[in-house]
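# Residue-level structural notes
Spelled out, the chains give:
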Amino acid sequence: IGIKGDFAPWVGALIGDVKQQIVLVTEPGMEEEVITRLSRVGFDAVIGHLKGGFASWKSANKEIDTVNRITADTFKNEIQIGESFILDVRKESEYRAEHVEEAYNKPLDFINEWFMEMGNQNETFYVHCAGGYRSVIWASIMKSRGYHNMINVEKGMAGIRETEVPLTKFVCPSTLK
């Protein structure tokens, strides 16, 4: 969960147990900030941090994994509406206001409740959110659960809107019930 986004709400939503032991992987010098922000929402079980952050892990030639990423333009060229598995991990209200035609909505907020519904771990699917923050968290969690054939759309809906990808007609969220 990246510190630069809505860190505290996502920690609360995704790590259900405040007693969960946590090892931090942060940019060097950010450890105290992360500990402070975690403790503000009741997570006090930080047991340590990776000295030197992720860069030290990589330089030690430890195993890493990455999330496949594509631009919105590449997304536009690769997908086939009605055939490609497109997953929108934004909140339901965001999805209802506007989404890629034929996309499924599985909000990040509830990943622990619905991830078993994903089915075939070998199926390729495209995932996006509003700007890229939530979809990267989603992809990371799903990778840890054995799903590896996902492609994250960089800049999410913000980028997709700048292409000719077919979208549903926009409905102002304040008018939705």
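See the structure above.
First things first, this report covers the structure right here in the doc. (Residues numbered from 1 in each chain as written. Predicted model: local features only at pLDDT ≥ 70, side-chain atom pairs only at ≥ 80, totals over all residues. Heavy atoms only, no water.)

## Observations regarding the packing of aromatic side chains
Overall, the coordinates contain five aromatic pairs when judged by the stated rule. Ring plane angle 65° and centroid distance 5.6 Å describe the contact between F75 and Y126, whose orientation is recorded as edge-to-face. Here the residue F75 occupies a position in helix 4 (residues 72-78), and Y126 occupies one in strand 6 (residues 125-128), the gap between them amounting to 51 residues. A relative accessible area of 0% places F75 in the buried class. Geometrically, the ring pair formed by W114 and W138 is stacked, given 6.2 Å between the ring centres and 25° between the ring planes. (Phe/Tyr/Trp six-rings, centres within 6.5 Å; stacked < 30°, edge-to-face > 60°. Helix = DSSP H or I, 4+ residues; strand = E, 2+ residues; numbered from the N terminus. Buried < 20%, exposed > 50% of the residue type's maximum accessible area, 1.4 Å probe, protein only.)

## What about the layout of surface pockets?
By volume, the largest pocket amounts to about 1800 Å³. For the largest pocket, the lining is made up of 38 residues, of which I1, G2, V25, V136 and S140 are closest to its centre. Element by element, the count of residues in the lining of the largest pocket is highest for helix 7 (residues 133-144), at seven residues. For the lining of the largest pocket, a count of residues per class yields 22 nonpolar, nine polar and seven charged. (1 Å grid on protein atoms, 1.4 Å probe; cavity = no way out; pocket = protein on both sides within 12 Å on 5 of 7 lines; lining within 4 Å. Points joined across faces, edges and corners; volume = space filled by probe spheres on them. Nonpolar A, V, L, I, M, F, W, Y, C, P; charged D, E, K, R; others polar.)

## Some remarks on the nonpolar core
Formed by 20 residues in total, the largest nonpolar core has its most connected members in L108, I111, M118, W138 and M142. Those elements that provide at least two residues to this core are helix 1 (7-14), strand 4 (85-88), helix 6 (111-114), strand 6 and helix 7. Tallying contributions element by element places helix 7 first for this core, with five residues. In terms of nonpolar packing, the next biggest core, distinct from the first, is built from 14 residues, I70, F75, Y95 and V165 among them. (Core = buried A, V, L, I, M, F, W, Y, C linked by side-chain atoms within 4.5 Å.)

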